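A look at the structure
Letter by letter, the chains look like this.
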Amino acid sequence: MESNNKGTSSLPFLLCANWKMHKNPDSVRDYIRAINKLPALKYPKRFIFFAPALTLFVLAEELVNSSYGWGAQNCHFEDQGAFTGENSPLVLKQMGATYCLVGHSERRQLFFESEEMVQKKVKSLLNHSIQPIVCVGENIKERKNKQSFQVVENQLSGILKNIDSLDRICVAYEPVWAIGTGKVAGVEQITEMQEHIRHLCATEGKTLHFLYGGSVNEKNIKELSQIPGVNGFLIGSASLDPLSFFNLAQNLVPAKAGI
Ligand code: PEP
């Protein structure tokens, strides 16, 4: 990985809703219709919805010709084959998905995904022109032991090995201790990790897209969105209700909202 911190990302500011294993086809349809009925957002923003795999066909139907994007929370790296229970990146592409989460800490912890597996997924998604959002972050023990930078560096060097189009990567820094706990990372913690990640990943003339995730909500997004260089957020619980998600988007600082 080259060290260069110059340039701009080609993606807009993203508000990514990770619904995990919540919602069914009917509630996904109701959600999108509810969002579409709300008054126009104060500033143009890009919502990306990550629904459970069994409901993705609803997003494909409801978001045709929409400025909002959608994607899967995980996929396999092969297009087809004997991989019971997996999602094909080729089929995601055929359905119209433009984004996919990879390496979420719940996938790593509960489903034992390794850096090597995540790396293969990133490669496969890039081959299909689907935007990977690579999740990295340390757990509480690692933070207390002052290993956060090293942990994230190890994760990224494994995941981004032999991937030359780093400008097409979106990295979400999601400290495990902040996910679903109500303990949001501090401005300083996000800033220094952002600098570390950008230093590790930036390529000549362009930089990667940097997101933060972990207990972002309507109240704290204003302060978080003022952090220079943060290009969006990955949001779990606070994205489950359409009105809360909409309100959260209204609370972005104007300078960020239009990016
Ligand atoms: C997540 O699961 O990626 C996440 C950020 O969740 P929450 O917003 O609930 O912490």
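Description of the structure in this document. (Residues numbered from 1 in each chain as written. Predicted model: local features only at pLDDT ≥ 70, side-chain atom pairs only at ≥ 80, totals over all residues. Heavy atoms only, no water.)

All right, on to the packing of helix H7 (residues 148–159) against helix H8 (residues 187–201) then. One way to put it is that H7 packs onto H8 with a least axis distance of 11 Å and a crossing angle of 35 degrees. Here H7 runs over H8; the crossing is right-handed. Judged by residue contacts, Ser148, Phe149, Val152, Glu153 and Leu156 of H7 engage Glu192, Met193, His196, Ile197, Leu200 and Cys201 from H8. Partitioned by chemical class, the residues of the contact of H7 with H8 number 7 nonpolar, 2 polar and 2 charged. (Axes fitted to C-alpha atoms, helices over the stretch in contact; angles between N-to-C directions. Helix = DSSP H or I, 4+ residues; strand = E, 2+ residues; numbered from the N terminus. Left-handed = near helix turned anticlockwise from the far one by under 90°. Contact = heavy atoms within 4.5 Å. Nonpolar A, V, L, I, M, F, W, Y, C, P; charged D, E, K, R; others polar.)

So, on to the pattern of salt bridges. Scanning the model with the defined rule gives 9 salt bridges in all. Ionic pairing is found between Asp26 and Arg29, a salt bridge with its closest N-O pair at 3.7 Å. Taken together, the residues span about one helical turn, with Asp26 and Arg29 both in helix H1 (residues 25–37) at a distance of 3 residues. Judged by relative accessible area, which is 51%, Asp26 ranks as exposed. Glu113 is the salt-bridge partner of Arg107, the closest N and O atoms lying 2.9 Å from each other. Just as Arg107 is buried, Glu113 falls in that class too. (Salt bridge = Lys/Arg side-chain N within 4 Å of Asp/Glu carboxyl O. Buried < 20%, exposed > 50% of the residue type's maximum accessible area, 1.4 Å probe, protein only.)

Our focus in this paragraph is the pairing of strand S6 (residues 170–173). Every second residue of S6 is oriented toward a common face, with Cys170 and Ala172 on one face and Val171 and Tyr173 on the other, all of them buried. Of the strand pairs in this sheet, S6 and strand S7 (residues 209–213) are connected by 4 bridges, and their pairing is parallel. Note that in S7 the partner of Tyr173 across the bridge is Tyr212. (Pairing = 2+ DSSP bridges.)

As a packed pair, helix H5 (residues 115–127) and H7 sit with axes 8 Å apart at the nearest point and diverge in direction by 50 degrees. Classed by the angle they form, the pair H5 and H7 counts as oblique. The two elements H5 and H7 cross, and the hand of that crossing is right-handed. Mapping the contact onto sequence places Glu115, Val118, Gln119 and Val122 in H5 and Asn154, Gln155, Gly158 and Ile159 in H7. Its residues assigned to classes, the contact of H5 with H7 comprises 3 nonpolar, 4 polar and 1 charged. (Parallel < 35°, antiparallel > 145°, perpendicular 65-115°, else oblique.)

Here we take up the nonpolar core. Formed by 65 residues in total, the largest nonpolar core has its most connected members in Leu15, Phe49, Leu59, Ile197 and Phe233. Looking at this core, the element that brings in the most residues is H8, giving 5 residues. The residues contacting Phe49, other than those within four sequence positions of it, are Ala17, Trp19, Tyr31, Ile32, Leu59, Leu63, Tyr68, Gly69, Trp70, Gly71 and Phe245. Counting 13 residues, the second-largest nonpolar core is a separate cluster that includes Leu14, Ile48, Tyr99 and Cys170. (Core = buried A, V, L, I, M, F, W, Y, C linked by side-chain atoms within 4.5 Å.)

Another aspect to go through is the environment of Gly186. Structurally, Gly186 can be placed in the loop between S6 and H8. Between the C-alpha atom of Gly186 and that of Leu224, which follows or precedes it by 38 residues, the distance is 8.5 Å.

With that out of the way, let us pick up the pairing of strand S3 (residues 69–72). Burial along S3 is two-sided: the residues Gly69 and Gly71 and Trp70 and Ala72 are all buried. Across 3 bridges, the pairing between strand S2 (residues 46–50) and S3 is parallel. Counted as the bridge partner of Phe50 is Gly71 from S3. In the classification by handedness, the crossover that spans S2, the intervening helix H2 (residues 56–62) and the parallel S3 is right-handed. When S3 meets strand S4 (residues 99–102), the two strands line up parallel, connected through 2 bridges. (Right-handed = clockwise from strand over helix to strand, strands pointing away.)

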